[in-house]
Amino acid sequence: MTRHVMIVGCGRLGATAANALLDRGDRVTILDTDAENFRRLRPRTRLSMYVGDGTSHEVLRRTGIESVGAFIAATGRDTTNALAAQSARTTFGIQHVVCRINDPIRSEMYEQLGLTTLNPNQFLVTLVLQAMEE
Amino acid sequence: MYVIVVGAGKIGFYLTRELLSASHEVALIERDALVSAVAAEEFGSIVITSDGTEPTVLGEAGAERCDILISTSGQDATNLTACQVAKYSFKVPKTMAVVTDPDHVPLFRALGVDVTISTTELILSHVEEELTGGPFVHVLPLRGATSGIVSMRVPSGSPVVGQPVSRIRLPQGTLLTAVIHKNGELKPAVNDPELAADDAIVAITPPEKEDELWHALTGEARR
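The structure presented is a predicted model; accordingly, all values stated were derived computationally and were not measured.

Caption draft 1: Representation of the interface of chain B and chain A within the structure. At the interface, 21 residues of chain B touch 19 residues of chain A. Note on chain B versus chain A: buried area summed over both sides is about 1,500 Å², and carbon and sulfur give 61% of it. For chain B, the biggest contributors to the area lost against chain A are A77, D103 and L107 of chain B; these three give 27% of the whole. The interface formed by chain B and chain A includes zero salt bridges. The tally of links from chain B across to chain A stands at four residue pairs in polar contact (both at pLDDT 80 or more). Every element with two or more residues in the side of chain B that touches chain A is listed here: helix 3 (55–60), helix 4 (76–90) and helix 5 (104–110) of chain B. For the side of chain B that touches chain A, the element with the highest residue contribution is helix 4 of chain B, accounting for nine residues. Class assignment for the residues of the side of chain B that touches chain A results in nine nonpolar, seven polar and five charged.

Encoded structure:
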């Protein structure tokens, strides 16, 4: 089943997620405030790239948020991600929203508020601990 | 009261000064070292150089016993996060955020920010008043009550022009307190002055009665 996913932030996480989704056959719309970051992506037919602020409702609307099925907030800033993700969920009613939050205490709070958060640091720590066990 | 102010830019700086002179206890949190140094020169040890959206920072600033957190940075994302952390991690009773993008106002309210201060909307409400004699200007929300003080101008075609104040059919729960003539003369409503076109009225009304009040003063439905 082809999905249309919007990603805010084309850093390593956003770009890697975009490439993986495209490889699976999904459609991806990706936003970043810096066009330079799009160099991480190969041009693909089902990929749309826009330079713009993913926390602006105007920008989100113009780049087609109303037709996406999932949303990933993947910039390096927790505050930006939290605003973008909560806009997607509350203002635009997107069901599947994933939000990168680096701060463990804040990610716990957002989980309690019903956001699906992703904490790369926590994830790495778990992997490191596992590797040390082996 | 104990107030935490996040952001020591123009708004945060002058707000802190006013709060201190009104004898409130204030902590001012600013991430930028240069900006915070300027604030510290003026306010001393109440200035904390750190990120006011971090739970650990707010915890150290005493967010648990804080009555109000006001986030005044120029970044909406920062202000939303500071307010949400204050409200949900520290149970701060009242949170206020400066909002730069007016589109964010309804979202912030839906996400639990108690008061949003949108400079665009503030300016717009005054511009609208100047241009159209139009909608209400919300002068002040009243403490401990659901009603607020509003002001509006009586348009020239209104059926109440030429009528005394006592003849206006005000909605229930609405109190018309004064009439301000366009030359600036203040006429208390108790003296039952006659209304002229372009007079401004000052009233205390619950928000849900505003449409009725509008109708009473213009003879038209509110757009």
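Caption draft 2: Representation of the packing of aromatic side chains. Residue and element names in this part refer to chain B. If you walk through the whole model with that rule in mind, you get two aromatic pairs over all chains. Considering the side-chain rings of F13 and Y14, the 5.2 Å spacing of their centres and the 75° angle between planes classify their relative orientation as edge-to-face. Note on Y14: relative accessible area 44%, which makes it partly exposed. Connected via pairs of aromatic rings, a cluster forms that spans F13, Y14 and F43. Cation over ring: R65 sits above Y2, and NZ or CZ is 4.1 Å from the ring centre.

Caption draft 3: Looking closely at helix 1 (residues 10–21) of chain B. All names here are of chain B. Between the first and last C-alpha of helix 1 there are 17 Å, a value that for twelve residues agrees with the 16 Å anticipated at 1.5 Å per step. Buried within helix 1 we find G12, F13, T16 and L19. One side of helix 1 carries all its buried residues, which in axial view fall inside an arc of 135°. With respect to the buried face of helix 1, the exposed residues turned more than 90 degrees away are K10, E18 and S21. Looking at the packing, one finds that the buried side of helix 1 touches strand 1 (2–6), strand 2 (25–30) and helix 2 (33–43).

Rules used throughout
Residues numbered from 1 in each chain as written. Chains lettered and ligands numbered in written order. Predicted model: local features only at pLDDT ≥ 70, side-chain atom pairs only at ≥ 80, totals over all residues. Heavy atoms only, no water. Contact = heavy atoms within 4.5 Å. Buried area = accessible area lost by both parts, 1.4 Å probe. Salt bridge = Lys/Arg side-chain N within 4 Å of Asp/Glu carboxyl O. Polar contact = N/O pair within 3.5 Å; in protein donor to acceptor, adjacent residues only side chain to side chain. Helix = DSSP H or I, 4+ residues; strand = E, 2+ residues; numbered from the N terminus. Nonpolar A, V, L, I, M, F, W, Y, C, P; charged D, E, K, R; others polar. Phe/Tyr/Trp six-rings, centres within 6.5 Å; stacked < 30°, edge-to-face > 60°. Buried < 20%, exposed > 50% of the residue type's maximum accessible area, 1.4 Å probe, protein only. Lys NZ or Arg CZ within 6 Å of the ring centre and 35° of its normal. Expected span 1.5 Å × (residues − 1). Arc of directions from axis to C-beta.

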